[in-house]
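# Structure assessment
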Amino acid sequence: MDLGYGTALLTDQYELTMLQAALRSGTAGRRAVFEVFARNLPAGRRYGVVAGTGRLLDAIEAYRFGTTELDFLTSRGIVDEPTAQWLEKYRFTGNIWGYAEGDCYFPDSPILTVEGTFGEAVLLETLALSILNHDCAIASAASRMAHAAQGRPIIEMGSRRTHERAAVAASRAAYITGFTTTSNLEAGRLYGVPTAGTSAHAFTLLHDGERNAFAAQLDALGEGTTLLVDTYDVERAVRTAVELAGPSLGAVRIDSGDLGLMARRVREQLDSLGATGTRIVVTGDLDEYGIAALAAAPVDGYGVGTSLVTGSGAPTASLVYKLVARADGPEADAPMRPAAKRSVGKPTRGGRKTAVRRIDGRGVAYAETVSTGAPTPGHRDRVLQVPLVRDGEIIGREPLREARERHARSVAELPATALQLSRGEPAVPTEYVDGDPPR
């Protein structure tokens, strides 16, 4: 996808200062392997969801240093002239593997592996983390909300609660994990996410009375529309809505008060008026816990905004991008050696990793095996990393519906405890194996 803008400066300055120093020392051309992973899931969460891969591939394709970018960097003294000349020719020519978008992940899952020269690969750190940290956080929260909804439609409507571009990414991530529609039209245009929306309280307040507002909306959108019934008095509004639209009124929306109690009262009233097919949609600061609390209420759909776009309390996935292997020298055939941090509280495991999800005879995942050897899955197991970029060519693009379908399959193979909203340990433990994992 052509983003319509460059992404080269969507980065931290230290990526370029490291590059400049590596060019001077002659180490920028050494082969290197970086990995993206999370040391832990957000407190109490039992699984994470990979999202943003497609956006990252688009951003890598647009990662180019043109005249505007180079003039800025040189005029500010951020890079010297030799570095600017190197950046002018920059194209990522390495390889990238990663967990397929929509798949679940766990602590230390190598969800992205970037292999290339140090200079090429280090420049992608901030870009990769900014996209994946945001989208994985949103998708992980959205997945919990979608499962709490128990198959009832759930609408993403958080555009007014976040940055305008983050809203588009959030809509995309939510759709991957089970949301049915979004209010964000740019997400619909760019990614084909189904869109929905009717009216706010302002529309009712604009008119000389609620009856006139409902009549105007029905005239414009038809009897299948959703009428907002809590601007004044809910009972009176429902009665007016059915009088005007008839029993074929599509839906009513409740945005305030005790949603469970109001939904039961509105359902009884609708049924008594013959509008047995009219649906009830509830909105208003919902999160996965609020949705779950309404499971027994006669609610037909939910709208979620603030909690979705803020990751329901975990706005970042806390992913890191770490060097795990590097060549001994600049030669193409120079041997690779593991690289690892020893920092207190932030150690890393050296060596390029592969990952296999172990599946038992019932089709349930019981372990995530991470190894520094080649993956050797059993006949039920899944190799988790797929090729995304080969020799600089993007090969991992796919329709968004494939990521959505994959997510449904991935969650279906998790243990039942994964879907509990109570705090707990990761649903699938991570096992480490040096060399080839056991069959």
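Refer to the structure above for everything that follows.
So, here is what we can say about the structure in this document.

Rules of the game
Residues numbered from 1 in each chain as written. Predicted model: local features only at pLDDT ≥ 70, side-chain atom pairs only at ≥ 80, totals over all residues. Heavy atoms only, no water. Helix = DSSP H or I, 4+ residues; strand = E, 2+ residues; numbered from the N terminus. Contact = heavy atoms within 4.5 Å. Areas by Shrake-Rupley, 256 points an atom, 1.4 Å probe, with all protein chains shown as cover. Lys, Arg positive; Asp, Glu negative; His and termini not counted. Charge placed at Lys NZ, Arg CZ, Asp CG, Glu CD. 1 Å grid on protein atoms, 1.4 Å probe; cavity = no way out; pocket = protein on both sides within 12 Å on 5 of 7 lines; lining within 4 Å. Points joined across faces, edges and corners; volume = space filled by probe spheres on them. Nonpolar A, V, L, I, M, F, W, Y, C, P; charged D, E, K, R; others polar. Core = buried A, V, L, I, M, F, W, Y, C linked by side-chain atoms within 4.5 Å. Buried < 20%, exposed > 50% of the residue type's maximum accessible area, 1.4 Å probe, protein only. Axes fitted to C-alpha atoms, helices over the stretch in contact; angles between N-to-C directions. Parallel < 35°, antiparallel > 145°, perpendicular 65-115°, else oblique. Pairing = 2+ DSSP bridges. Right-handed = clockwise from strand over helix to strand, strands pointing away. Salt bridge = Lys/Arg side-chain N within 4 Å of Asp/Glu carboxyl O. Polar contact = N/O pair within 3.5 Å; in protein donor to acceptor, adjacent residues only side chain to side chain.

Helix and strand counts for the protein chain stand at 15 helices and 19 strands. With the C-alpha coordinates aligned to their principal axes, the bounding extent of the protein chain is approximately 80 × 60 × 35 Å. Long-range contacts, defined here as pairs at least 24 residues apart, represent 74% of the contacts in the protein chain between residues at least 6 apart. Accessible surface, the protein chain: about 19,400 Å² in total, of which carbon and sulfur atoms supply 50%. For the protein chain, the distance from the average site of its 48 positive side-chain charges to the average site of its 53 negative ones is 4 Å.

Once that is clear, we can look at the layout of surface pockets. Considered as a void within the structure, the largest pocket measures approximately 770 Å³ in volume. Considering the residues around the largest pocket, the lining is formed by 30 residues, among which Met157, Arg160, Arg253, Thr283 and Gly303 are closest to the centre. Breaking the lining of the largest pocket down by element, the ones donating at least two residues are β8 (226–228), β10 (279–282) and β11 (301–304). A total of 4 residues in the lining of the largest pocket trace back to one element, the largest contributor, which is β11. Class assignment of the residues belonging to the lining of the largest pocket gives a composition of 10 nonpolar, 13 polar and 7 charged. Contributing to the lining of the second largest pocket are 21 residues, with Tyr5, Arg55, Ile131, Arg165 and Ala169 lying nearest its centre. Elements with a minimum of two residues in the lining of the second largest pocket: α2 (53–61), α6 (125–148), α7 (164–176) and α8 (185–191). Split by residue class, the lining of the second largest pocket holds 12 nonpolar, 3 polar and 6 charged.

Right, let's talk about the nonpolar core for a bit. Side chains that are nonpolar tend, in soluble globular proteins, to be buried together. Val282, Ile291, Tyr302 and Leu308 are the most contacted members of the largest nonpolar core, which totals 63 residues. When sequence neighbours within four positions are dropped, the list of residues in contact with Val282 reads Ile254, Leu259, Leu294, Val299, Gly301, Tyr302 and Gly303. Membership of the second largest hydrophobic core comes to 51 residues, among which are Ala8, Leu41, Leu129 and Cys136.

This part is about the packing of helix α1 (residues 13–25) against helix α4 (residues 81–88). Closest axis-to-axis distance for the α1/α4 pair is 10 Å, and the angle between their directions is 105 degrees. Taken together, the axis directions place α1 and α4 in an arrangement best described as roughly perpendicular. Between α1, through Leu16, Leu19, Gln20 and Leu23, and α4, the contact on the second element is made entirely by Thr83, Trp86 and Leu87. A class-by-class count of the residues in the contact of α1 with α4 yields 5 nonpolar, 2 polar and no charged.

Summarising the element assignment, Thr177 is placed in the loop between α7 and β7 (181–182). Not counting residues up to four positions away in its chain, the partners in contact with Thr177 are Val49, Ala139, Ala142, Ser143, Ala146 and His407.

Take the pairing of β11 next. Residues Gly301 and Gly303 of β11 are buried on one face, and the alternating residues Tyr302 and Val304, pointing to the opposite face, are buried as well. Across 3 bridges, strand β6 (residues 154–156) lies against β11 in parallel orientation. Bridging from a neighbouring strand, Ile155 pairs with Gly303 of β11. With respect to chirality, the unit in which β10 leads through helix α13 (residues 288–293) into the neighbouring parallel β11 is right-handed.

Take the pattern of salt bridges next. Once the charged atoms of two side chains with opposite charge are near each other, the side chains can pair. This model, assessed by the stated rule, comprises 22 salt bridges. In this structure, the salt-bridge partner of Arg397 is Glu61, at a minimum N-O distance of 2.8 Å. Residue Arg397 is found in the loop between β18 (393–394) and α15 (400–412), and its partner Glu61 is found in helix α2; the two are separated by 336 residues along the sequence. Taking relative accessible area as the criterion, Arg397 reaches 39% and is therefore assigned partly exposed. Arg326 is the salt-bridge partner of Asp328, the closest N and O atoms lying 3.7 Å from each other. Judged by its relative accessible area of 33%, Asp328 is partly exposed. Salt bridges sharing common partners tie together Asp103, Arg357, Glu368, Arg382 and Glu413.

Attention now moves to the side chain of Glu413. Tracing the sequence through the fold places Glu413 in the loop between α15 and β19 (430–433). A polar contact of 2.7 Å, which involves the side chain of Glu413, links it to the side chain of Arg382. Contact partners of Glu413, with chain neighbours within four places excluded, come to Arg357, Ile359, Gly363, Val364, Ala365 and Arg382.

Time to look at the sheet that holds strand β14 (residues 354–359). Across the sheet, which stays open at both edges, the 4 strands sit in the order β16-β14-β15-β19 with mixed pairing between neighbours. Each edge of the sheet is formed by a strand with only one pairing partner; in this case those strands are β16 (382–383) and β19. Inspection of the sheet shows β14 paired to strand β15 (residues 365–371) by 6 bridges, in the antiparallel sense. Counted as the bridge partner of Val356 is Thr369 from β15.

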